[in-house]
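So the chains spell out like this:
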Protein chains: 2
Amino acid sequence: MAEGGGGPVVRTVLQQCLRARLQVEPAEENREARFVQIDRGMVIYICFLKGATEHILPKMVSTLLNLRLCEGGSGRLVSVSELPGSLLIVPQATLGGRAKGRAVQYHTNISKEDGLRLYGAFVSLCEQQLLAAAGAAASAQVTVEHGTYGNRQVLQLDTNGPYTHLMEF
Amino acid sequence: MAEGGGGPVVRTVLQQCLRARLQVEPAEENREARFVQIDRGMVIYICFLKGATEHILPKMVSTLLNLRLCEGGSGRLVSVSELPGSLLIVPQATLGGRAKGRAVQYHTNISKEDGLRLYGAFVSLCEQQLLAAAGAAASAQVTVEHGTYGNRQVLQLDTNGPYTHLMEF
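Starting afresh in each chain, residues are numbered from 1 along the sequence in its written order. As they are written, the chains are lettered A onward and the ligands numbered 1 onward, keeping that order. For this predicted model, a pLDDT threshold of at least 70 governs which residues receive local features, and a threshold of 80 or more governs which side-chain atom pairs are given and counted, while totals over whole chains, interfaces and linings are taken from all residues. Side-chain measures here rest on the full set of heavy atoms in the structure, leaving out hydrogens and waters.

A. Region of the structure containing the interface of chain B and chain A. The contact criterion used is simple: two residues touch if any of their non-hydrogen atoms lie within 4.5 Å. Chain B puts 39 residues into the contact, and the matching count from chain A is 39 residues. Each partner contributes to the roughly 3300 Å² buried at the junction of chain B and chain A, and carbon and sulfur atoms together form 50% of this total. Buried area: the sum, over both parts, of the accessible surface (1.4 Å probe) that disappears when the two are put together. Sorting the residues of chain B by area buried against chain A places B:Arg102, B:Arg152 and B:Leu166 first, and these three jointly supply 21% of that buried surface. A side-chain nitrogen of Lys or Arg and a carboxyl oxygen of Asp or Glu constitute a salt bridge if their distance falls within 4 Å. Across the chain B-chain A interface, the total number found is 4 salt bridges. A salt bridge links B:Glu82 to A:Arg102, with the nearest nitrogen and oxygen atoms 2.9 Å apart. Contacts described as polar in this section are N or O atom pairs within 3.5 Å, which, within protein, must combine one atom able to donate a hydrogen with one able to accept it, while residues neighboring in sequence count only if both atoms come from side chains. Where chain B touches chain A, the interface holds 26 residue pairs in polar contact (both at pLDDT 80 or more). Numbering goes from the N terminus for both helices and strands, where a helix is a DSSP run of H or I of at least four residues and a strand is a run of E of at least two. Counting residues per element, the ones that place at least two in the side of chain B that touches chain A are strand 1 (10–17), strand 9 (103–105), strand 11 (155–158) and strand 12 (165–168) of chain B. For this scheme, ten residues count as nonpolar: Ala, Val, Leu, Ile, Met, Phe, Trp, Tyr, Cys and Pro. Four count as charged, namely Asp, Glu, Lys and Arg, and the remainder, Gly too, count as polar. In the side of chain B that touches chain A, the residues fall into 17 nonpolar, 14 polar and 8 charged.

Right, here's the structure in full:
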């Protein structure tokens, strides 16, 4: 699903969760750390690579929200939109790593400025599309939460099977 | 790092953890579920794809155990062997999935029989190599734990940042 000729420009890893909790602000002298949390839903770890642009986002969000990756009530697979489940989006620059000897290099990662811009746009689009889908699904209590780009992603995950998937775009 | 001409034959996703707990036997009528647990270390999610053979395992284990992916004491990156940390190995057939429309197909996954055999050999080799390295590192309390191939992988993960990496062989 990579664009054009070269390699992928966005790498995502997806995990199903019963609950996931992520630090969005570290503790400081006079302030406790701040966390966000989702219950049933999907964690999206995301890394933008060189060549990624805004153009890829609508198709990408549509794919991620509509792929049948989640266990529905009867064991049937449904999408996170259909579940309906929440999203926790975790910026994860390490996903762009390539082994060179014993070290890992990140030369194909996008610049921090472009990564931050694309990350913000990706989160907004997920919010719009998931909440629109959930609106249709009536009583749904779904949310989109996300980590702070560039921070340490202190994460706790509780799953009934993570069903880890790799999706590249 | 894929072998030969084609695509990868093994896909792994790596996450750092402070603690990870995995169900290895589900609850039954007269028996509670059984779990394994590691403290500080690395979770390896692994999926063997068509074309994978035993020949790839030694290089793969050596790479995974010696890549500098873990935060050492001074913030310096060290390998899980050097940390020294424990391993939790999670069989994860979903990593072989490819999107086709809204469904996910697993046509490139290896057969269950071959996957089970390679998984067992991979776990054994990790045990040998990590414990040998830890022996050298004196007082280390490291273990290799692993999930039951083919079962639901009920997982709880507690991280100080998962630093998710994708490594394909």
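B. Representation of the pattern of salt bridges in the model. For the coordinates displayed, the defined rule picks out 16 salt bridges over all chains. For B:Glu71, the salt bridge identified is with A:Arg152, shortest N-O distance 2.7 Å. Placement of B:Glu71 in strand 5 (residues 70–71) and of A:Arg152 in the loop between strand 10 (144–146) and strand 11 (155–158) is noted, with the two residues assigned to different chains. Residue burial is assigned from relative accessible area. The probe radius is 1.4 Å, only protein chains are included, and a residue is buried under 20% of its type maximum, exposed over 50%, and partly exposed in between. For A:Arg152, a relative accessible area of 32% corresponds to the partly exposed category.

C. Inspection of the sheet that holds strand 1 (residues 10–17) of chain A at higher detail. Residues and elements named next belong to chain A. One requirement defines pairing of two strands: DSSP has to find at least two bridges between them. With mixed pairing, the 5 strands of this open sheet are ordered in space as 10-7-4-1-12. The two strands at the open ends of the sheet, each matched to only one other strand, are strand 10 and strand 12 (165–168). When strand polarity is set aside, the average angle formed by the axes of neighbouring strands in this sheet is 20°. One ladder, built from 4 bridges, connects strand 1 with strand 12; its direction is antiparallel. Bridge pairing in strand 12 places Leu14 opposite His165. Comment: axis = line fitted to C-alpha atoms, over the contacting stretch for helices; angle = value between 0 and 180 degrees taken between N-to-C directions.

D. Region of the structure containing the side chain of A:His165. Topologically, A:His165 is positioned in strand 12. With relative accessibility at 2%, the residue A:His165 sits in the buried group. Here the side chain of A:His165 touches B:Tyr106 through a polar contact of 2.6 Å, side chain to side chain. Excluding anything up to four places from it in sequence, A:His165 contacts A:Thr12, A:Val13, A:Leu14, A:Leu69, B:Thr94, B:Leu95, B:Val104 and B:Tyr106.

E. Examining the side chain of B:Gln23 more closely. Here B:Gln23 lies in strand 2 (residues 19–25). B:Gln23 has contacts with B:Ala33, B:Arg34, B:Phe35, B:Arg152 and B:Val154, leaving out every residue within four places of it along the chain.

F. Structural detail: the packing of aromatic side chains. Residue and element names in this part refer to chain A. Stacked, edge-to-face and tilted labels apply to pairs of Phe, Tyr and Trp rings (six-membered ring for Trp) whose centres lie within 6.5 Å, assigned for plane angles under 30 degrees, over 60, and everything in between, in that order. As enumerated under the stated definition, the model contains 2 aromatic pairs over all chains in all. The interplanar angle of 40° and the centroid separation of 5.6 Å between the aromatic rings of Tyr119 and Tyr149 together place this pair among those described as tilted. On the criterion of sequence distance, the pair formed by Tyr119 in helix 2 (residues 112–136) and Tyr149 in the loop between strand 10 and strand 11 is long-range, its members being 30 residues apart. The class for Tyr119 is buried, based on a relative accessible area of 4%. Accessibility expressed as a relative area gives 28% for Tyr149, which makes it partly exposed. By the criterion adopted, a ring carries a charge over it if an Arg CZ or a Lys NZ lies within 6 Å of its centre and within 35 degrees of its normal. Of note, Arg21 hangs over the ring of Phe35, and the distance from its end group to the ring centre comes to 3.9 Å.

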